[in-house]
Amino acid sequence: RPRLFVLSIGVSRYQRRDYGDLRYAAKDAEDFAAALGRQEGRLYGTVQTRLLTDTRATRAAILEGLAWLRGAVGASDTAIVFLAGHGINDAAGFFHFLSHDADAAQPSRTAVGEADLRGALTALRGRVLLFADTCHAGGVVGSGAAASNEFTRMANVLSSPESGVVVFASATRQQEALERRDDRNGLFTKVLLEGLAGGADLLRQGAVTHQGLAYFIAQTVRQRTQGRQTPVYISPFGTVDYSLVAL
């Protein structure tokens, strides 16, 4: 059976205390890694997981994790990257994920940039998926273009036929990724976990596919937020549907 490689990253607490804490980002990464770890011996022969949260989720550690994927993932394997935390744009409009030690005033030097993600993910063989539950950090960098989370543009680049990455994102650029205290997870991640646990097995076939998961997430998140949050799903043109988890 193929192998599954998971790089799960969540930053709730930042080195810069003025950036403010997120309630569930680190827990989101932990729960996502645990959910996929249970697939070992089911759909996948082995599941190898690298979990980076809070102080362990430095820029250097994240880049090392991406390099780990490049060296480990084979043509018959599946690689999944999960990001939870703050996302910002630089002055040129390029997306950056704020690592624990990032300085939003110098994102190209201290955060994990769009070029880092694109270069790592598009070089991988096998099936590649990116899940991003990122909030735009308006309170971090102030108003204007740099405060937005322009993830969708990067997602379109990643999911081009040449790149071949399936992308799930928590919200459009105009929206916040919501956290509800009762959920114990970010809303997007809560629904994602429900889908992987079987909620997205729409045809009751004993497996969850990426297209089924996308439909389940979109409908459920919109319903629970009364349309205030709209998840983004982009799949490369011509990509066939395939199973992510077996139930």
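Our subject is the structure that appears above.
Residues numbered from 1 in each chain as written. Predicted model: local features only at pLDDT ≥ 70, side-chain atom pairs only at ≥ 80, totals over all residues. Heavy atoms only, no water.

Student: Could you give me a rundown of the pairing of strand 7 (residues 165-169), with the residues and numbers involved?
Tutor: Across the 5 residues that make up strand 7, a large majority, 5, are buried. Judged by which residues are buried, strand 7 turns out to be covered on both faces: Val-165, Val-167 and Ala-169 on one side and Val-166 and Phe-168 on the other are all buried. Here strand 7 pairs with strand 11 (residues 232-234) via 3 bridges, running antiparallel. Residue pairing across strands places Ala-169 opposite Val-232, the latter belonging to strand 11. (Buried < 20%, exposed > 50% of the residue type's maximum accessible area, 1.4 Å probe, protein only. Helix = DSSP H or I, 4+ residues; strand = E, 2+ residues; numbered from the N terminus. Pairing = 2+ DSSP bridges.)

Student: Could you give an account of the packing of helix 2 (residues 59-72) against helix 4 (residues 114-122), with specific residues and numbers?
Tutor: Running from N to C, helix 2 and helix 4 point in directions that differ by 20 degrees, and their axes come no closer than 9 Å. Taken together, the axes of helix 2 and helix 4 are roughly parallel relative to one another. Once helix 2 is placed against helix 4, the crossing between them reads as left-handed. Residue-level inspection shows Arg-59, Leu-63, Leu-66 and Arg-70 of helix 2 in contact with helix 4, the latter providing Asp-116, Leu-117 and Ala-120. Here the residues of the contact of helix 2 with helix 4 sort into 4 nonpolar, no polar and 3 charged. (Axes fitted to C-alpha atoms, helices over the stretch in contact; angles between N-to-C directions. Parallel < 35°, antiparallel > 145°, perpendicular 65-115°, else oblique. Left-handed = near helix turned anticlockwise from the far one by under 90°. Contact = heavy atoms within 4.5 Å. Nonpolar A, V, L, I, M, F, W, Y, C, P; charged D, E, K, R; others polar.)

Student: Just give me the short version of helix 7 (residues 187-199), but keep the residues and values in it.
Tutor: With 13 residues, helix 7 extends just 15 Å between its outermost C-alpha atoms, more than 12% less than the 18 Å of an ideal straight helix rising 1.5 Å per residue. Among the residues of helix 7, those classed as buried are Leu-187, Phe-188, Thr-189, Val-191, Leu-192, Leu-193, Gly-195, Leu-196 and Gly-198. (Expected span 1.5 Å × (residues − 1).)

Student: How would you summarise the nonpolar core if you had to cite specific residues and measurements?
Tutor: Taken as a class, soluble globular proteins show a tendency for nonpolar side chains to be buried jointly. Counting residues in each nonpolar core, the largest one holds 71 residues, and the members touching the most others are Phe-32, Phe-131, Phe-168, Leu-192 and Leu-213. Ranked by residue count, the leading element in this core is strand 3 (residues 78-89), at 7 residues. Sequence-distant contacts of Leu-213, that is, excluding residues within four places in its chain, are made with Phe-131, Phe-168, Leu-192, Gly-195, Leu-196, Ala-200, Val-208 and Leu-244. (Core = buried A, V, L, I, M, F, W, Y, C linked by side-chain atoms within 4.5 Å.)

Student: Provide a residue-level description of the side chain of Thr-220, including the pertinent values.
Tutor: Residue placement: Thr-220 occurs in helix 8 (residues 210-224). Here Thr-220 falls in the buried class, since its relative accessible area comes to 9%. Within the structure, the side chain of Thr-220 is placed 2.7 Å from the backbone oxygen of Phe-216, a separation counted as a polar contact. (Polar contact = N/O pair within 3.5 Å; in protein donor to acceptor, adjacent residues only side chain to side chain.)

Student: Describe in detail helix 8, supporting the description with residues and values.
Tutor: It helps to recall that an α-helix has 3.6 residues per turn; residues three or four apart then point in one direction. In this model helix 8 runs 21 Å from its N-terminal to its C-terminal C-alpha over 15 residues, within 8% of the 21 Å that 1.5 Å per residue would give. Every buried residue of helix 8 is accounted for by His-210, Gly-212, Leu-213, Ala-214, Phe-216, Ile-217, Ala-218, Thr-220 and Val-221. Positive phi appears at Gln-226, one or two residues downstream of helix 8, with a value of about 50 degrees.

Student: Go over the packing of aromatic side chains with me, naming the residues and quoting the values.
Tutor: Overall, the coordinates contain 6 aromatic pairs when judged by the stated rule. Plain terms: the ring middles of Phe-32 and Phe-82 are 4.6 Å apart, the flat faces sit at 20 degrees to each other, and that makes the pair stacked. Taken together, the residues Phe-32 in helix 1 (residues 25-37) and Phe-82 in strand 3 connect sequence positions 50 residues apart. For the pair Phe-32 and Phe-82, a shared accessibility class is recorded, and that class is buried. Members of the aromatic cluster, each reached through a chain of ring pairs, are Phe-32, Phe-82, Phe-131, Phe-168 and Tyr-233. In this structure, Arg-127 is placed above the aromatic ring of Tyr-242, and the distance from its NZ or CZ to the ring centre is 4.0 Å. (Phe/Tyr/Trp six-rings, centres within 6.5 Å; stacked < 30°, edge-to-face > 60°. Lys NZ or Arg CZ within 6 Å of the ring centre and 35° of its normal.)

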